[in-house]
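Read off the chains here:
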Amino acid sequence: MKFRTVFDIIGPVMIGPSSSHTAGAVRIGKVARTLFAETPQSAGIYFYGSFAKTYRGHGTDVAVIGGLLDYETNDERIRDAFFHAKQAQLDVRIHKEDTLTAHPNTVRIRLHSDEKQLELVGISIGGGKIEIIELNGFALRLSGNHPAILVVHQDRYGAIAAVSNVLAKHAVNIGHMEVSRKEKGEEALMVMEVDQNVDAPLLQELQTLPHILHVSKIHE
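An unreviewed UniProt entry lists the protein under the name L-serine deaminase, from Shouchella lonarensis. As stated in UniProt under Pathway (unreviewed entry), the record for the protein gives "Carbohydrate biosynthesis; gluconeogenesis." Quoted verbatim from the Catalytic activity (unreviewed entry) field of the UniProt record, the comment on the protein reads "L-serine = pyruvate + NH4(+)".

This structure, assessed with the given rule, holds two aromatic pairs. Measuring from ring centre to ring centre gives 5.0 Å for Phe-47 and Tyr-55, while their planes differ by 25°; the resulting arrangement is stacked. Judged by its relative accessible area of 0%, Phe-47 falls in the buried class. In this structure Tyr-55 comes out as buried when scored by relative accessible area, which is 6%. Ring pairs connect the aromatic residues Phe-47, Phe-51 and Tyr-55, which therefore count as one cluster. Its guanidinium or amino end placed over the ring of Phe-36, Lys-116 lies 4.8 Å from that ring's centre, counting from NZ or CZ. The ring of Phe-138 has Lys-182 sitting right over it, with the charged end atom 4.7 Å from the ring centre.

Rules behind the numbers
- Residues numbered from 1 in each chain as written.
- Predicted model: local features only at pLDDT ≥ 70, side-chain atom pairs only at ≥ 80, totals over all residues.
- Heavy atoms only, no water.
- UniProt positions renumbered as here; feature names shortened; annotations may be inferred.
- Phe/Tyr/Trp six-rings, centres within 6.5 Å; stacked < 30°, edge-to-face > 60°.
- Buried < 20%, exposed > 50% of the residue type's maximum accessible area, 1.4 Å probe, protein only.
- Lys NZ or Arg CZ within 6 Å of the ring centre and 35° of its normal.

Below you can see the structure in the form of structure tokens.
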């Protein structure tokens, strides 16, 4: 992969020891927490590849939990994340998986509460950078490096154009956009990385459009 600056190689300010196994893991957990929009009641964390082999020594387990608790990569509380999860009444289960994955630093996170659930797959690609490659069964590619809008919608003619028109009206530029669907005519997921943070009125307007089921955001 290409790095833009020396800081991309060094990685972010963080609790060590590893930018890919620790800082990246925090960021994956934090994205899951942001999309869930609250502290979950339970979390299943499934490690694959290198994560499965080294997660204890590199603190990948406490890093993901810290992200789920909405901590930043340099938060000292990450070291005691199991304790803080218990204090937050978050039941955490860690699983080591033998299944081969396309990337060695892969984690699947399953979050649950009484009324909702979320499943996310993320990979840590080095220097604290991540990609989210699956969300609730939808394939996607989300870097987490830019603000993003996620729209779950019915796979219908005009849905994508209607969302794009609302963003244009609010002068929000789309830097990267992907659409994924499970089956033709069923639910689909629209992911747009944008150039600036978005506010609540824009999201509320998107939610009122025809065929839109759910709108959420991730800020940088």
